[in-house]
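Take a look at the letters that make up each chain.
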Amino acid sequence: MIILKFFLRKVVSLINYKNINIEMSEEQLILKSSEYSASSIQVLEGLEAVRKRPAMYIGDIGEKGLHHLVYEVVDNSIDEALAGYCTDVDVIINEDNSVTVKDNGRGIPVDFHEKEQKSALEVVMTVLHAGGKFDKDSYKVSGGLHGVGVSCVNALSAVTKVNVHRAGKVYYQEYHRGIPVEPVKEVGTSDMTGTVVTFLPDNEIFTSIEYKFSILASRLRELAFLNKGVRLNLTDRRETDKDGNFVFETYYSDEGLKQFVRYLDETRESLIERDVMYIDTVKNGMPVEIAIHYNTTYSENIHSYVNNINTIEGGTHLLGFRRGLTRTLKKYAEDSGILAKQKIEINGDDFREGLTAVISVKVQEPLFEGQTKTKLGNSDVSGSVDQAISELLKIYLEEHPKEAKAIVNKVILAASARIAARNAREKVQRKSAMTGGGLPGKLADCSNRDPHMCELYLVEGDSAGGTAKQGRNRAFQAILPLRGKILNVEKAMTHKIFDSEEISNIFKALGVHIGTEEDSKALNFKGLRYHKIIIMCDADVDGSHIETLIMTLFFRYLKELIEHGFLYIATPPLYLVKKGKEQRYCWTEDQRLQAIQEIGRGKDTGVHVQRYKGLGEMNAEQLWETTMDPERRTLRQVTIDSSAEADHVFAMLMGDEVAPRREFIEKNAKYARIDV
Ligand code: 0RA
């Protein structure tokens, strides 16, 4: 019981639901105003701009932006590592949710800056975009998604403290909301070099300042894989384990992306007995690192990075990769004669079924395009990546004929399956055309037709579906009941997925479909009928499992909808505390205890606590007021922090192998405070 309940919670934190209700900020810090810096008007203006429009600089003021502050500082340390001066980075979440980032790089320069008439350290910490000015020649590519520098972190922190170890001395400066309290001063001697930055995010800016270990952990793990040889340590001083030690993890990779792909495919069955294919090279002056591996599943998992940023919208590097992979494999298959025997048309997708790959390039002046600015636009990059993947594959295929044959056979199988899938889909589409319409019979649709206004509830079970139909606001809330466990898409071939009635009902209700031609897995969601899709399951073991199955379907086949922020989880209450006419719904253990206190007025007689095990125990009105009414409900938005990490977790949770799943649950169980 406990383990399974937890099992879901862990997916929750890795995929990371964002609480939609804005949390109240904590007690405000009273800060003494700084006399020292009142003189630097320009600096103040710069910092003020950041504080006025924080989202413009760090993306948002919620959980994402909060964690971004850490990445921004860590990026500077990684830059030092890429320049060859830094090997270790420590990230510490302190008791008060301030974060310390410590590195053994060169240390931020502290010499007097003539133009600004102050220490270079102060300039780096207080002037926007000042970070790079000091070393134009160095190979600075890390730079983060927003690449705004430590001064932004400083501006958005209630308190920042910096220690610099450099040239035998230790220098110190402190800032309140970005404003220095006093000039940089020497505070000691040191035989090491490096920078220690501690910042406390400003609760006047952020909706919550509570850091999540799992979010930082997956980014630091990713950074370790992306920057081989750099050790990243993460400590959480807010929590101790049973031996009284702080929660601690360390991430280090000496084989870079090769280990990354091994990690991603840890729980997938390998197609070939050999190790991951890997190349780390420089093409046309640009560093290119690629690792690829084929497994026996049917999904394509390619993760691409530019300057350590996950380019979820792809771009020229990904196009070059696909082109090089397809061309080289196709040529091999044709030359070897295996293809000639088959009368089957093979397309680009077929070469990528069961492929796990990570591509990382370092680009001097990247052009980021697309909705989320995560699509690489530099046209010269595609040729370099194409060359690198072609070189890797060509040598590999020549040297390993047995493995080459297994890959080509897999490609042929993928092509046949794709054609079977197309036929199955066409059959279904013909059938639905005959029955006169796209919408599934079980859907209770809403009357509004504007997708921006409309919500679709995916509800576990016909009985809860019935209650939801009665309780909803039919103007904008549609209900689709799902019968029990849907198909586990992690283990099924694509055409099986469209054979499943529950899944094709979901697609039909949503009004989306998956294309049938080249790039067949590309989702067409122009016809999307709802901009909120809400999973509503029982708060029990089966419910958790169904929730995970639905999330797996979305992650593998409807990922764009998650990326657009359309997927949510409903949160039905866990308890009803009642005494006489007074009653209160509770979602947490704390709320339950508080409600018993308050309703019982100190006495525990006559207080009745009902534990809701399923949606079925609520009537329509109760379901509406606790879980469906937009004025009162809490929805958790499903977001993907790290595509690679989510890939790894879903493969593990939903795949065949039991041992790693058990290991994962046991390992992570210590973070769970669930008392089912
Ligand atoms: C400006 C110039 C140099 C390094 C840095 C900033 C720097 C910033 C941070 C932030 C955290 N750790 C950091 N480490 C370095 C170049 C230094 C030089 O030229 O000596």
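Residues numbered from 1 in each chain as written. Predicted model: local features only at pLDDT ≥ 70, side-chain atom pairs only at ≥ 80, totals over all residues. Heavy atoms only, no water.

### Brief notes about the environment of Glu-186
For clarity, the threshold we go by: Helix and strand assignments follow DSSP, with helices taken as H or I runs no shorter than four residues and strands as E runs no shorter than two, numbered in order from the N terminus.
Tracing the backbone shows Glu-186 in strand β9 (residues 185-189). Separated by 22 residues in sequence, Glu-186 and Val-164 have C-alpha atoms that sit 9.4 Å apart.

### Re the side chain of Asn-307
Quick note on the threshold: Think of a polar contact as two N or O atoms within 3.5 Å of one another; within protein, one of them needs to be a possible hydrogen donor and the other a possible acceptor, and neighboring residues in sequence only count if both atoms come from side chains.
Among the structural elements, Asn-307 can be located in the loop between β15 (301-306) and β16 (309-310). Side-chain polar atoms of Asn-307 contact the backbone nitrogen of Val-363, separated by 2.7 Å.

### Some words on the packing of helix α9 (residues 316-336) against helix α10 (residues 380-399)
Packed helix pairs are characterised by how far apart their axes lie and by the angle those axes make with each other. Let me state the cut-off plainly: To obtain an axis, a line is fitted to C-alpha atoms, over the contacting stretch when the element is a helix, and the angle between two such axes runs from 0 to 180 degrees between their N-to-C directions. An angle below 35 degrees is read as roughly parallel, one above 145 as roughly antiparallel, one from 65 to 115 as roughly perpendicular, and any other as oblique. The sense of a crossing depends on the near helix, which, turned anticlockwise from the far helix by less than a right angle, makes the crossing left-handed and, turned clockwise, makes it right-handed. By definition, residues are in contact when any of their heavy atoms lie within 4.5 Å.
Across the interface, α9 lies against α10 with an axial gap of 7 Å and an inter-helix angle of 30°. Judged by the inter-axis angle, α9 sits roughly parallel to α10. Judged by the twist between their axes, the crossing of α9 over α10 is right-handed. Two secondary-structure elements touch here, α9 through Thr-316, His-317, Gly-320, Phe-321, Arg-323, Gly-324, Leu-325, Arg-327, Thr-328, Leu-329 and Tyr-332 and α10 through Val-381, Ser-382, Gly-383, Val-385, Asp-386, Ile-389, Ser-390, Leu-393, Lys-394 and Leu-397.

### Notes on the confidence of the model for the protein chain
Rules: Confidence scores here are pLDDT values: one per residue, from the predictor, ranging 0 to 100.
Looking at the protein chain, pLDDT values average 86 and 86% of them are 70 or higher. Every residue in residues 1-39 scores below 50 in pLDDT, and together they form 104 contacts with partners more than four places removed in sequence or on other chains.

### Focus: the pairing of strand β17 (residues 355-361)
Selection rule: Here's how the labels work: a residue is buried when its accessible area is under 20% of the maximum for its type, exposed when over 50%, partly exposed in between, all with a 1.4 Å probe on protein chains only. A pair of strands is considered paired only if DSSP assigns at least 2 bridges between the two.
With seven of its seven residues buried, β17 lies for the most part within the structure. Where β15 and β17 come together, six bridges link them in parallel fashion. Within β17, the residue paired with Ser-304 across the bridge is Ile-359.

### What to know about the side chain of Thr-126
Within the secondary structure layout, Thr-126 lies in helix α5 (residues 120-126). A polar contact of 2.5 Å, which involves the side chain of Thr-126, links it to the backbone oxygen of Glu-122.

### Concerning the packing of helix α7 (residues 213-226) against helix α8 (residues 257-264)
Basically, it comes down to this: Three categories are distinguished: nonpolar for Ala, Val, Leu, Ile, Met, Phe, Trp, Tyr, Cys and Pro, charged for Asp, Glu, Lys and Arg, and polar for the others, with Gly belonging to the last.
α8 packs onto α7 with a crossing angle of 135° between their chain directions and a minimal axis gap of 7 Å. The orientation of α7 relative to α8 falls into the category oblique. Side by side, α7 and α8 meet where Arg-221, Glu-222, Phe-225 and Leu-226 of the first sit next to Leu-257, Gln-259, Phe-260 and Tyr-263 of the second. Classifying every residue of the contact of α7 with α8 by side-chain character gives five nonpolar, one polar and two charged.

### Observations regarding the pattern of salt bridges
The cut-off we apply is this: Between Lys or Arg on one side and Asp or Glu on the other, a salt bridge is scored when a side-chain nitrogen of the former is within 4 Å of a carboxyl oxygen of the latter.
Scanning the model with the defined rule gives 42 salt bridges in all. Through salt bridges with shared partners, one network takes in Asp-265, Arg-268, Glu-490, Arg-556 and Asp-647.

### With respect to the state of the cysteines
For clarity, the cut-off: By convention in this document, the label disulfide applies to cysteine sulfur atom pairs within 2.5 Å.
The final tally for this structure, using the stated rule, is zero disulfides. Not engaged in a disulfide, the cysteine Cys-446 finds its nearest cysteine sulfur in Cys-454; these two sulfurs lie 3.6 Å apart.

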